[in-house]
Amino acid sequence: VSAGLLFDTTRCIGCGACSAACKEQNDLPLPIEPAITAYTWTVVEERAGVNVRRLCMHCLEPTCVSVCPVGALTKTPAGPVVYDSKRCIGCRYCIMACPFGVPKYQWDRAVPVVGKCILCSGRLAQGQQTACATVCPTGATMFGEREALLREARSRIATSGGAYVNHVYGEQEAGGTSVLMLSSVPFERLGLDTNLPPQGLPMLTWRVLSKVPDFVAVAGAFLYGLHWITRRRDEVRTSLDATAPESQTAASPLARARSLWRRLTGRAGS
Amino acid sequence: MVLPIAFMEAGAAGSPPTPRKDAALRLPTGIVFKKAPDAPAPVVFDHVSHVRLEGNRCLACHPQPFKMLRPSREVTHAAMDAGGSCGSCHDGKKAFATVDTERCDVCHRSDEAPK
């Protein structure tokens, strides 16, 4: 049972109450910027004649979580993808990895951290809804359990008589997201990526990473083999040098040093 | 409580998408500010008379000067007259002034105060 949001472009009037409540809830500095930043975690954008919210989609299998080398990002069982600034080392890999371009960096700070929507995980823990859903005056942002929201979304599509695009954005995208969207215009016109695979993106790296132990074992054995062959050839050559006539052993200082070393360590070779 | 609109889901399964201009706004009603001892009546704030649907007016008052989630219900006339809270619009230019002694009853409305 994990929480999510259902956003419906046909109900949003673009009033920005969600942005204002988000600022207040998360003690973020004003103003409300026109696009999401490290300090503005959600905005309403007008695209293709409708209003669409930008916020963290809270993936079921978040790429940001899988790439974070220090575990600063976590997908909680309650639904939110949360961020711990104390663990963050500022590598910004999450920013590169996110398929929705959500995490943003505090470029203006001397000691910056990442900023992104955390689905009001503190409010959720207290049994409250997200701030944005609480204040939304039209119900365009609806809070609930993801499964229930999916049913609601499907029923809205089914009973609308074609007013919606027949797709719930976030049901499948990148393996599914906790934030779902309904729209009356094609999602690609809202600036949303409609070419995301239906599997979680961490699976792509997992396919490679899961082979690392095998690779290490095989490559290790191969390299040891090379080492053994090289050493053996060396041994054979130096033992041949030792049995060769004096005139030839005087050839190089290196060969003399080797010969001396062999005598000192008592390793005569075969 | 502080959140009268808490959560009301109008989207009962089956309701068609609401056209933007007809969207009925679910806003807190009858917000009563704390009555000062010398005030004629408590101030009752009405969202309906303040919100313009066209033009995204939520942000004119939220989150500054009025918070949405943890709103203060205590405002002094001195602060408003100096341009704070209500006074940021009710300055005699954008809207009638808070110092307008002819119109006390526009805001101080005992009839709408809860029992």
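Sequence order as written defines residue numbering, which begins from 1 separately in each chain. Chains and ligands are labelled sequentially in the order written, the chains with letters from A and the ligands with numbers from 1. Residue-level local features of this predicted model are given only where pLDDT is at least 70; pairs of side-chain atoms are given and counted only at 80 or more, and the full residue set underlies all totals for whole chains, interfaces and linings. Values shown for side chains rest on all heavy atoms present in the structure; no hydrogens or waters enter the calculation.

1. Some words on helix α10 (residues 253-265) of chain A
- Here α10(A) is 13 residues long and its end C-alpha atoms lie 18 Å apart, about the 18 Å a rise of 1.5 Å per residue gives.
- A run of H or I in DSSP counts as a helix once it spans at least four residues, and a run of E counts as a strand once it spans at least two, with each numbered from the N terminus. Of the residues one or two after α10(A), A:Gly266 is the one with positive phi, at around 75 degrees. Here a helix's expected span is defined as the number of its residues, less one, multiplied by 1.5 Å.

2. Digging into the confidence of the model for chain B
Residues and elements named next belong to chain B.
- pLDDT measures how confident the predictor is about each residue, on a scale from 0 to 100. Summary statistics for chain B give a mean pLDDT of 73 and a share of 69% for residues scoring 70 or more.
- In this description, contact between two residues means that some pair of their heavy atoms is separated by no more than 4.5 Å. Counting contacts from residues 1-22, a segment whose pLDDT is below 50, to residues more than four positions away or on other chains yields 47 contacts.
- Interface predicted TM-score (ipTM) for the complex: 0.70; the corresponding pTM is 0.76.

3. Comments concerning a nonpolar patch on the surface
Residue and element names in this part refer to chain A.
- To count toward a patch, a residue needs a relative accessible area above 30% and no salt bridge. Like charges then connect within 9 Å, nonpolar side chains (Val, Leu, Ile, Met, Phe, Trp, Tyr) within 5 Å. Values of accessible area rely on a 1.4 Å probe in the Shrake-Rupley scheme; residue burial ignores everything except the protein chains shown. We define a salt bridge as a contact between a side-chain nitrogen of Lys or Arg and a carboxyl oxygen of Asp or Glu at a distance within 4 Å. A cluster of nonpolar side chains, namely Met-203, Trp-206, Leu-209, Val-212, Phe-215 and Val-216, defines an oily patch on the protein surface of about 630 Å² accessible area.
- Among the secondary structure elements, those contributing two or more residues to the nonpolar patch are α7 (202-209) and α8 (212-243).
- Structurally, Val-212 can be placed in helix α8.
- Given the relative accessible area of 39%, Val-212 is considered partly exposed. Residue burial is assigned from relative accessible area. The probe radius is 1.4 Å, only protein chains are included, and a residue is buried under 20% of its type maximum, exposed over 50%, and partly exposed in between.

4. Regarding the sheet that holds strand β8 (residues 141-145) of chain A
All names here are of chain A.
- When DSSP finds two or more bridges between a pair of strands, those strands are recorded as paired. Strand order in the open sheet made by the three strands is β8-β1-β9, with mixed pairing throughout. Two strands lie at the open edges of the sheet, namely β8 and β9 (179-182), each paired on one side alone. Strand-to-strand, the axes of this sheet are offset by a mean angle of 25 degrees, without reference to chain direction.
- Note: strand β1 (residues 3-8) against β9, four bridges, orientation parallel. Directly across from Leu-6, in β9, lies its bridge partner Leu-180.
- As a rule, the C-alpha atoms of each element are fitted with a line to give its axis, helices using only the stretch in contact, and angles between N-to-C directions run from 0 to 180 degrees. On top of the sheet, helix α6 (residues 146-159) reaches β1, β8 and β9; it is set at about 130 degrees to β8, its chief contact.

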